[in-house]
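# Residue-level structural notes
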Amino acid sequence: MRRFEDKVAFVTGAAHGIGRATVLRLAAEGAAVGAGDVDAGGAASVVTEVVQAGGSAVALDCDITDTGSVEAAVAATVAQYGRLDVLANVAGHNLGGLEGAEPTEEQWGRQYDFTFTGAVRCIRASLPHLVESRGSAVLVGSISAEIALGTPPYAAAKAALANLVRNLASDHGPKGVRFNVVAPATVATDRFIGNEALLEELKVIYPLGRVGKAEDVAAAIAFLASDDASWITGITLPVEGGLTSATGHLLNLL
Ligand SMILES: NC(=O)c1ccc[n+]([C@@H]2O[C@H](COP(=O)([O-])OP(=O)(O)OC[C@H]3O[C@@H](n4cnc5c(N)ncnc54)[C@H](O)[C@@H]3O)[C@@H](O)[C@H]2O)c1
């Protein structure tokens, strides 16, 4: 399947986890990829992997909390490849540091700036190019937006993304641009380094019997970004192993 032949994508959080898997998936399907991350070494390493597999990608310094950095990374992608068809904003994880305490106003603000405004920065920088290409944006949300899992600042900031894509879908649909969210539950990424036992314990709450892989989420991102989803916009797609349907499954465990 090469759904992104002659297409160009920009991915944030590209060095590790879901972002890395997304770069590899889009590139394997033919996209040239701008791989943006604050971890320059990690971004360079995923680009090397893409190039070794015969694809095309460029590593870019990109901090989604910094408007200038996002604008420069999107501009560099377009300068390198001449267009932009897909934005995948993957960066935006739980900043944590709460350890059961009430979040301070500063913590609420910092998480919102990273998770929500970070996505807005990426969209603002990409939008003129997506209008030109009649392209598509996919934002990574979280199942925490639907159920109480994760911290309130993180969950609320992720929840705001669902409303954002609905409004943008309505505003920019007539120009041919689509906006969607994928909402993963537990995915085994670097987030859980040193906490592998927790991943093992969490398996039981998933009807499908396992936690997610970064590739599971990358596949959903690629679907929503592709023409296979050309009549899908403004939605949040849960990628969650059945977790939100699991009440019966959980009762059976008691
Ligand atoms: N792993 C999960 O269980 C899970 C569950 C639900 C949602 N998510 C969401 O998936 C996304 C990716 O999570 P992951 O588990 O792959 O994380 P990860 O820690 O494996 O990777 C995160 C990447 O983002 C980069 N990054 C950090 N700050 C950045 C910034 N300011 N600008 C640009 N890049 C930055 C990191 O360098 C890293 O490469 C996040 O938005 C997260 O909220 C993850």
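Here, every reference points to the structure presented above.
Bear in mind the structure is a predicted one, so any value in this text is a computation, not a measurement.

So, how was this worked out
Residues numbered from 1 in each chain as written. Predicted model: local features only at pLDDT ≥ 70, side-chain atom pairs only at ≥ 80, totals over all residues. Heavy atoms only, no water. Helix = DSSP H or I, 4+ residues; strand = E, 2+ residues; numbered from the N terminus. Buried < 20%, exposed > 50% of the residue type's maximum accessible area, 1.4 Å probe, protein only. Near = heavy atom within 4 Å. Polar contact = N/O pair within 3.5 Å; in protein donor to acceptor, adjacent residues only side chain to side chain. Areas by Shrake-Rupley, 256 points an atom, 1.4 Å probe, with all protein chains shown as cover. Nonpolar A, V, L, I, M, F, W, Y, C, P; charged D, E, K, R; others polar. Pairing = 2+ DSSP bridges. Right-handed = clockwise from strand over helix to strand, strands pointing away. Contact = heavy atoms within 4.5 Å. Axes fitted to C-alpha atoms, helices over the stretch in contact; angles between N-to-C directions.

## Some thoughts on unusual backbone geometry
The phi dihedral of Asp6 is positive, around 65 degrees, even though this residue is not glycine. Turning to its location among the elements, Asp6 is positioned in the segment before strand 1 (8-12). Given the relative accessible area of 68%, Asp6 is considered exposed. Backbone geometry at Arg134 places phi at a positive 55 degrees, although glycine is not the residue there. Among the structural elements, Arg134 can be located in the loop between helix 4 (105-133) and strand 5 (136-140). The class for Arg134 is exposed, based on a relative accessible area of 56%.

## Topic: the site of the ligand
Within the structure, the ligand sits among 29 residues, and Asp37, Val90, Tyr154, Thr189 and Arg191 are positioned closest to it. Between Ile18 and the ligand, the recorded distance is 2.8 Å, taken from a backbone N or O atom to an oxygen atom. Lys158 is positioned with one of its side-chain polar atoms (N or O) 2.8 Å from an oxygen atom of the ligand. Coverage of the ligand by the protein chains reaches 91% of its 830 Å² of free accessible surface. Taken together, the elements giving at least two residues each to the shell around the ligand come down to helix 1 (17-28) and helix 5 (152-172). Each residue belonging to the shell around the ligand can be placed in one class, and the counts come to 14 nonpolar, 9 polar and 6 charged.

## Focus on the pairing of strand 6 (residues 178-184)
On a regular strand, one side chain projects to one face of the sheet and the next to the other, so that they alternate. Taken across its 7 residues, strand 6 has 7 buried, putting it largely inside the fold. Burial along strand 6 is two-sided: Arg178, Asn180, Val182 and Pro184 facing one way and Phe179, Val181 and Ala183 facing the other are all buried. Examined bridge by bridge, strand 5 and strand 6 share 5 bridges and lie parallel to one another. The residue of strand 6 that forms the bridge with Val138 is Asn180. For the crossover that starts at strand 5, traverses helix 5 and ends in the parallel strand 6, the hand is right-handed. Sheet topology note: the strand 6/strand 7 (residues 236-239) ladder contains 4 bridges and is parallel. Along strand 7, the bridge assignment pairs Val182 with Leu237.

## So, the side chain of Gln107
Mapped onto the elements, Gln107 comes out in helix 4. A polar contact is formed between the side chain of Gln107 and the backbone nitrogen of Thr104, at a distance of 2.9 Å.

## Details of the environment of His129
Here His129 is to be found in helix 4. His129 sits in the partly exposed class, given a relative accessible area of 23%. Distance from His129 to Leu87, taken between C-alpha atoms, is 9.9 Å for residues 42 residues apart in sequence. His129 has contacts with Val74, Val78 and Leu84, leaving out every residue within four places of it along the chain.

## Things to note about the sheet that holds strand 5
Taken together, the 7 strands give an open sheet; going across it, the order is 3-2-1-4-5-6-7, and neighbouring strands pair in parallel fashion. Two strands bound the open sheet, and with one partner strand each, they are strand 3 (56-61) and strand 7. The sheet shows a mean angle of 15 degrees between the axes of neighbouring strands, taken without regard to direction. Each of strand 1, strand 2 (32-37), strand 4 (86-89) and strand 6 is contacted by helix 1, which is oriented at about 170 degrees to strand 1, the strand it contacts most. Across the sheet, helix 7 (residues 214-225) touches strand 4, strand 5, strand 6 and strand 7, and the angle it forms with strand 6 is around 165 degrees.

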